[in-house]
Amino acid sequence: MNKTKALLNNITFQFNISKQLLEYHLTSLGQEEYRWCSPNAGLYLKEKNGKWVADLPESENYHIGTPSIAWTLWHITFWWEMVLDHSFGEGTLTKEEIKVHEDVASVKTAIHSLIVKWEEILANLKEEELYSKAYTAFPFNNEVAFHHLASWLNLELMKNAAEIGYVRFEYASAEK
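Computed from a predicted model, the values in this text were never measured in an experiment.

A. Expanded view of the pattern of salt bridges. Applying the stated rule across the entire model yields 4 salt bridges. Between glutamate 33 and arginine 168 there is a salt bridge, and its shortest N-O distance comes to 2.7 Å. Remark: arginine 168 occurs in helix H7 (residues 146–173) and glutamate 33 occurs in helix H2 (residues 31–35); sequence separation between them is 135 residues. For the residue pair glutamate 33 and arginine 168, the accessibility class agrees, reading buried in each case. Ionic contacts of the salt-bridge type, sharing partners, join the residues Glu156, Lys159 and Glu163 into one network.

The structure is reproduced here in C-alpha cells:
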C-alpha cells in the first residue's frame, strides 16, 4: 500500500470511529435532553428577537460552564459547514449564517447530511489534494496540508461527541 493510500485509510478509519461515537449519542437523543441546560450551564441556544442563536464564547476558559448538547451540536455544524464552504465551496460562509436548530430532529438531519458530504470528499480525494494547502482556509489560513485539516476534523468530532456523552451522563443523573 502506498503512503498516500495508507494516510487516507487512517483518516477514514479515525473518522469512522468518531462518527460511531457521535451516532451512539445521537440515536436515542430526544428533544428535552437536547435543549436541557446543566445547572453549571455555559453555552446554549437561545431565542433572540424571534430567531434562535448560539452563544459564542470570547474564550474557552473552564469557568464558562458546561455547554448544552444543542450548543455542541450547533458547534459541530458550525466548524463542519465552514470547512466544507471554505475548502470546497465559495469560501464566504460566516458563523452568523450557520443555522441554529431549535429541534433535535433537524440537527440530526443536518449532521447526517454533513457526514455524507464529508465521506464523499474523502472517497474522491486525489493524492495531490491530500497534501495541498489550498483546501485549508478554515480554520488554518491555508498553512497546513489537507490531511492535517482532515485529522483535525476527526479530533473535533471525537471531542464534541465525548462532550455530548458527558452532558448525557449529567442529564441522566440530575434530579428532575
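B. Summary view of the environment of aspartate 103. One can find aspartate 103 in the loop between helix H3 (69–88) and helix H4 (104–123). Taking the relative accessible area as the measure of exposure, aspartate 103 reaches 33% and is therefore partly exposed. C-alpha separation for the pair aspartate 103 and glutamate 32, spaced 71 residues apart in sequence, amounts to 9.4 Å. In terms of polar contacts, aspartate 103 uses its side chain to reach the backbone amide nitrogen of alanine 105, at 3.4 Å.

C. Expanded view of the environment of lysine 126. Within the fold, lysine 126 resides in the loop between H4 and helix H5 (127–131). The exposure class of lysine 126 is partly exposed, given its relative accessible area of 48%.

D. Up close: the packing of aromatic side chains. Within this structure, the stated rule accounts for 12 aromatic pairs. Look at tryptophan 71 and tryptophan 74: their rings are 5.9 Å apart centre to centre, the planes differ by 50°, and that puts the pair in the tilted class. Of this pair, tryptophan 71 and tryptophan 74 are both found in helix H3, 3 residues apart, which corresponds to roughly one turn of the helix. In this structure, tryptophan 71 and tryptophan 74 share a single accessibility class: buried. Centroid distance tryptophan 79 to tryptophan 152: 5.8 Å. Interplanar angle 65°. Geometry classified as edge-to-face. Taken together, the residues span a long stretch of sequence, with tryptophan 79 in helix H3 and tryptophan 152 in helix H7 at a distance of 73 residues.

E. Representation of the side chain of threonine 77 in the model. Here threonine 77 shows up in helix H3. When near neighbours in sequence (up to four residues on either side) are disregarded, threonine 77 contacts Ile98, Lys99, Val107, Ile111 and Leu114.

F. Up close: the side chain of histidine 25. In this structure, histidine 25 sits in helix H1 (residues 3–27). In terms of polar contacts, histidine 25 uses its side chain to reach the backbone carbonyl oxygen of alanine 161, at 3.5 Å. Not counting residues up to four positions away in its chain, the partners in contact with histidine 25 are Ala161, Ile164, Gly165 and Arg168.

Parameters at a glance
Residues numbered from 1 in each chain as written. Predicted model: local features only at pLDDT ≥ 70, side-chain atom pairs only at ≥ 80, totals over all residues. Heavy atoms only, no water. Salt bridge = Lys/Arg side-chain N within 4 Å of Asp/Glu carboxyl O. Helix = DSSP H or I, 4+ residues; strand = E, 2+ residues; numbered from the N terminus. Buried < 20%, exposed > 50% of the residue type's maximum accessible area, 1.4 Å probe, protein only. Polar contact = N/O pair within 3.5 Å; in protein donor to acceptor, adjacent residues only side chain to side chain. Phe/Tyr/Trp six-rings, centres within 6.5 Å; stacked < 30°, edge-to-face > 60°. Contact = heavy atoms within 4.5 Å.

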